[in-house]
Amino acid sequence: MRHTFFALPIALTLAVGLAAQQPAAPPQADAQQPPLTFKVEINYVEVDAVVTDAEGNRVTDLRKEDFTVYEDGKPQTLSVFSHVDIPIERADPPLFASSTIPPDTTANTPFDGRVWVLLLDDLQTNFMRSAGTKAAAKLFVERYVGANDLVAVVNTGGRTDGAQDFTSNKTLILKAIDSFSGRKARSATLAAQDDANINRGLPDGTGTNASRSASDFERSMQARNTLATIKGLADYLAGIRGRRKAVVLFSEGIDYDVYDFMNTSGTTQFASDVQIATRDAIASATRANVSIYGVDPRGLGGLGDESIQIQGLPEDNSYGPGSLNNELRLSQDSLRVLSDETGGFATVNQNDFHDAFSRIVQDNSSYYVLGYYPASEKRDGRFHKIEVKVTRPGLKVRTRRGYVAAKGKGDTPKRSAGEKTSEPLRAAMDSPIPVSGLPIRLSAAAFKGTEPNASIALTLEFDASQFKFADQKGVHTDDLEISLVAIDGKAKVKDGGHDIVNLKLGQSYDAVRTNGLRVTRRLEVPPGRYRLVAGAREANGGLTGTVLYDLDVPDFAKGDLSMSGIAIASAAGSRTPTASADPAFKDVLPAAPTSRRVFVRNDALAVFAEIYDNKPTTAHGVGITLSILADDGKVVYTTSDQRRSEELQGKPGGYGYTAQVPLTQLAPGRYVLRIAAKSTLTGTPAVQRDVEFRVQ
């Protein structure tokens, strides 16, 4: 069957209502793997402890009763105890592919990886050393980040094109790193040299310190911005519980002399402001249990371009090699302070980062999580010392030294007048990483929408076996609250929705309990890169889950030929009841699209995609081919179709392509479904999309 589309305007329909709200349960004692949760304000302290023997080997068989935690010298009662031992999973692309194929579905399965934030400090990195910083960060990602890890990329200068929210997609992570560019201010030593050169030959008393003054102000501002970024990150990560949170800070250190209170440079000093910002950053990190690992990419020597510029000049108190060396020492000391005070360690004066990166991974792979509620609830802003001791002799415990309590009144989350999302679901959706209390699987495919927007078709599938249905005379009832939001690269919400699915199940009750529940929705957004956040809360039992998805939405109006996402339905998937099926797929697929990508051999797939042709005035053909590739790249199934530009009647539009794919002849294993389209017009590039799936 052939379908030709000129537009696909689908509006998101919202139902109004609120689900029942229930408070989140407190952490369970003796949990072996406490779930990741998000709580805004709670009198709870969590500390990670790495335990080693005399030879430096990790000790992993300790029990709760082997630990005693002291706060300010007083023993605390442990409410949470677990040993975290995270394996390092490696990416497993198809044998014929050089890299993994980005998945078109995602799920909020219980998280079993490490949490990394790569903080690229462009404000404290010399532009000429940008390449070295990028190389160090990419080495960490390519060699030391596991496939089961979540990584975010942030830069201190606030550039959105160099940022990436938490993801396991290394392609997106490396793309963010590649955009890094240092913009460190001119050093105090070189600024002093500039003034000396200007003043040389001038009468006494007529000189200027303009360069030094400007440099001092700029460096102080950039130092405070870097530290404010660290503080903001720590506050953002505070809601992640049960896992160590690591900020790997790629930086040349804070380029400001925080000990110069005597106005020795002749400029307005900001040393106290930078010191306060340092204390605030460390306070937030210790309070949130965030460990900082400072990495100085300059390696041995460290001065590079600056030392070349200063060579051959006379040494004095304001500029010269000694002054540069003092700057280097102070900047590296700042990395040590930030790292040591938060339970991490700094890597400076090293050209080979392999050992340091291995140690960082070890630190965040095997440790104990100890949580307690301190007796004092005062928000006094004081430092509270933490000591962790074990009963077994000869062991060494490494942990953070303590935390700085919050000060003043706690922040009360503000809600807009029209916001309908319930408080528990909104809190879950604010979490930096997925919440797995309610299992959700999501697929997203972008199609041409009402110009200039694209229309994102979303398929959410829920495991309803844990729903707490109420039996009302044979009718099983429950409400499912769903909230969706699409956030662009500048952190602006471009579309979203909230609605309540009222479940009143009679004969379909057993099917929903066994096969789950499917919900389809549409979002309309302009072309660009988006973070999709989908959250749901089941009312009767209070189960809450969120799922995150990174999606690049093409500009389908650009280029001669382009392709939509791929929607896949299956015979087995049709047994999953669908609430509010997407009408756009009614005539092109025999059932609603599924987010499953694991199928049984006796199943059959129905596939739909659109090919957009922007040169309809010149007569030509478009060949469309669907292929199934085995793990080794061998084509095990193929079918094709030929379309003509005359179908579009001289206007830009799309060819709707459908195909049936039987799986009975496929052996169990991994496969790639590929749809490719090629125009007969000379010079028009072909387009293709790949979807990985498995047969069992």
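What counts and what doesn't
Residues numbered from 1 in each chain as written. Predicted model: local features only at pLDDT ≥ 70, side-chain atom pairs only at ≥ 80, totals over all residues. Heavy atoms only, no water. Helix = DSSP H or I, 4+ residues; strand = E, 2+ residues; numbered from the N terminus. Contact = heavy atoms within 4.5 Å. Areas by Shrake-Rupley, 256 points an atom, 1.4 Å probe, with all protein chains shown as cover. Buried < 20%, exposed > 50% of the residue type's maximum accessible area, 1.4 Å probe, protein only. Polar contact = N/O pair within 3.5 Å; in protein donor to acceptor, adjacent residues only side chain to side chain. Pairing = 2+ DSSP bridges. Phe/Tyr/Trp six-rings, centres within 6.5 Å; stacked < 30°, edge-to-face > 60°. Axes fitted to C-alpha atoms, helices over the stretch in contact; angles between N-to-C directions. Parallel < 35°, antiparallel > 145°, perpendicular 65-115°, else oblique. Left-handed = near helix turned anticlockwise from the far one by under 90°. Nonpolar A, V, L, I, M, F, W, Y, C, P; charged D, E, K, R; others polar. Salt bridge = Lys/Arg side-chain N within 4 Å of Asp/Glu carboxyl O.

A. Looking closely at the overall build of the protein chain. When its secondary structure is counted, the protein chain shows 10 helices and 33 strands. Put simply, 77% of the contacts in the protein chain that link residues at least 6 apart link residues at least 24 apart. When the accessible surface of the protein chain is totalled, it reaches about 30,700 Å², and 51% of it is carbon and sulfur.

B. Geometry of helix 2 (residues 170–178). When helix 2 is considered as a whole, its buried residues turn out to be Leu172, Ile173, Leu174, Ala176 and Ile177. Contacts from the buried residues of helix 2 go to strand 7 (115–120), helix 1 (130–144), strand 8 (150–155), strand 9 (164–167) and strand 23 (544–553). The backbone nitrogen of Thr171 lies 3.0 Å from a side-chain oxygen of the residue at the head of helix 2, namely Asn169.

C. The arrangement of the pairing of strand 30 (residues 635–644) in detail. Pairing between strand 29 (residues 621–630) and strand 30: nine bridges, direction antiparallel. What sits directly across from Ser627, in strand 30, is Thr638. Between strand 29 and strand 30, which pair antiparallel and follow one another directly, the connecting turn spans four residues, one of which, Gly633, has a positive phi of 95 degrees.

D. Geometry of the packing of aromatic side chains. On inspection of all chains with the given rule, the structure shows 20 aromatic pairs. Plain terms: the ring middles of Phe140 and Phe357 are 5.1 Å apart, the flat faces sit at 75 degrees to each other, and that makes the pair edge-to-face. On the criterion of sequence distance, the pair formed by Phe140 in helix 1 and Phe357 in helix 8 (residues 354–363) is long-range, its members being 217 residues apart. Judged by its relative accessible area of 0%, Phe357 falls in the buried class.

E. View of the packing of helix 3 (residues 188–199) against helix 4 (residues 210–237). Where helix 3 contacts helix 4, the two axes come as close as 7 Å, and the packing angle between them is 160 degrees. Taken together, the axes of helix 3 and helix 4 lie roughly antiparallel to each other. Taken as a pair, helix 3 and helix 4 cross one another with a handedness that is right-handed. Between helix 3 and helix 4, the residues in contact are Ala188, Ala191, Ala192, Asp194, Asp195 and Ile198 and Ala210, Ser211, Arg212, Ser215 and Arg219, respectively. Here the contact of helix 3 with helix 4 is composed, by residue class, of five nonpolar, two polar and four charged.

F. The pattern of salt bridges, seen in detail. What the rule picks out here adds up to 34 salt bridges. Ionic pairing is found between Asp363 and Arg58, a salt bridge with its closest N-O pair at 3.4 Å. Of this pair, Asp363 sits in helix 8 while Arg58 sits in the loop between strand 2 (45–52) and strand 3 (67–71); the two residues are 305 residues apart in sequence, bridging distant segments of the chain. For Asp363, a relative accessible area of 1% puts it in the buried group.

G. Quick peek at the packing of helix 1 against helix 8. Following both chains from N to C, one finds helix 1 and helix 8 inclined at 55 degrees, their axes separated by 11 Å at the closest point. Put simply, helix 1 runs oblique to helix 8. Two packed elements cross with a definite hand, and for helix 1 against helix 8 that hand is right-handed. Taking contact as the criterion, the partners of Ala136, Leu139, Phe140, Arg143 and Tyr144 in helix 1 are, on helix 8, His354, Phe357, Ser358, Ile360 and Val361. In the contact of helix 1 with helix 8, the residues fall into seven nonpolar, two polar and one charged.

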